[in-house]
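Fold and geometry: a report
Now for the letters of each chain:
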Amino acid sequence: MTTSSVDGDHASAGPKAPHAPIALVLTLIGRRDREMRLPVQIGSIVAAVSVLSFCIFRIVVLGNRVLPVFEDDDPRAGVYYNKACEAGRMDACTQLGGCYWTGSCGLAMDGQRGLDLYQKACDGGEMGACGQLGICYEFGGCGLVKSSGRPVALYEKACSGGDPSMCNNLGGCYYKGQCGLAKDDTRAAQLYRKACEGGDSSACHNLDVMKK
């Protein structure tokens, strides 16, 4: 006795197995697909690792305002500062310039390279580098010829850019009548006061000396 479906349709006995040749082709295609997918997966992994490494570098180097502190003889410092400088961290360019000037951080001494890096950092808005260049020009150090006008421009730039120690240096130029400037106690006091209020203790002392 045969049974029929309730709705009148033919009862399904489940999907039929494909013929042997078709099954073989499907099996081979599946294997080939897995073989072709493997190098794509490997490439994806490599790309993901590269992106992750770059993101970590961006976070560590560009995301942090404070650079890590290295020992002077630590060769990792030169490598790190160089990468950070190339990535646009002007404070790292300043640190790298100092490494070249002193022959530290695993780098050979190269005064010209150091000077170029300080100039790059100053042009890039790193006020500490501008101030250091001003000191070099004022006293004729760092491989630079002593200049009367150049340090004033650099001190003014650094002072206006928020470096209180350079306001103090510029105040000293006015107070002593040096750096190609005429002595001006009023201007010196203004600069010392600005530097003192900015947190430079030497400027506070200089201001006290002027009041006596």
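The rules behind the values
- Residues numbered from 1 in each chain as written.
- Predicted model: local features only at pLDDT ≥ 70, side-chain atom pairs only at ≥ 80, totals over all residues.
- Heavy atoms only, no water.
- Phe/Tyr/Trp six-rings, centres within 6.5 Å; stacked < 30°, edge-to-face > 60°.
- Helix = DSSP H or I, 4+ residues; strand = E, 2+ residues; numbered from the N terminus.
- Buried < 20%, exposed > 50% of the residue type's maximum accessible area, 1.4 Å probe, protein only.
- Lys NZ or Arg CZ within 6 Å of the ring centre and 35° of its normal.
- Axes fitted to C-alpha atoms, helices over the stretch in contact; angles between N-to-C directions.
- Parallel < 35°, antiparallel > 145°, perpendicular 65-115°, else oblique.
- Left-handed = near helix turned anticlockwise from the far one by under 90°.
- Contact = heavy atoms within 4.5 Å.
- Nonpolar A, V, L, I, M, F, W, Y, C, P; charged D, E, K, R; others polar.
- Disulfide = S-S within 2.5 Å.

Within this structure, the stated rule accounts for 5 aromatic pairs. Relative to Tyr 80, the ring of Phe 70 has its centre 5.8 Å away and its plane inclined at 50°; by these criteria the two rings are tilted. Note that Phe 70 is positioned in the loop between helix H1 (20–62) and helix H2 (75–86) and Tyr 80 in helix H2, a separation of 10 residues in sequence. Comparing Phe 70 with Tyr 80, the two get one shared label, buried. Ring-pair connections join several aromatic residues into one group, and the members of that group are Phe 70, Tyr 80 and Tyr 81. The positively charged end of Lys 183 is found above the aromatic ring belonging to Tyr 175, 4.3 Å away from the centroid.

Let us now look at the packing of helix H6 (residues 150–160) against helix H7 (residues 164–176). Following both chains from N to C, one finds H6 and H7 inclined at 140°, their axes separated by 8 Å at the closest point. As far as their axial angle goes, H7 and H6 are oblique. Read as a crossing pair, H6 and H7 show a hand that is left-handed. Seen from H6, the contacting residues are Val 152, Tyr 155, Glu 156, Ala 158 and Cys 159; seen from H7, they are Met 166, Cys 167, Asn 169, Leu 170, Cys 173 and Tyr 174. Taken together, the residues of the contact of H6 with H7 sort by class into 9 nonpolar, 1 polar and 1 charged.

Right, let's get into the state of the cysteines. If you walk through the whole model with that rule in mind, you get 7 disulfides. Through a disulfide, Cys 122 is tied to Cys 130; the S-S separation comes to 2.1 Å. Looking along the S-S bond of the Cys 122-Cys 130 disulfide, the torsion reads about 105°, which is the right-handed sense. We classify Cys 130 as buried; its relative accessible area is 0%. Covalently, Cys 136 is tied to Cys 142 through a disulfide, its sulfur atoms 1.8 Å apart. Across the S-S bond of Cys 136 and Cys 142 the torsion is about -60°, and the bridge reads as left-handed. For Cys 136, a relative accessible area of 1% corresponds to the buried category. For Cys 142, a relative accessible area of 30% gives the class partly exposed.

Note that every value here comes from positions in space, so none of it alone points to a role or purpose.
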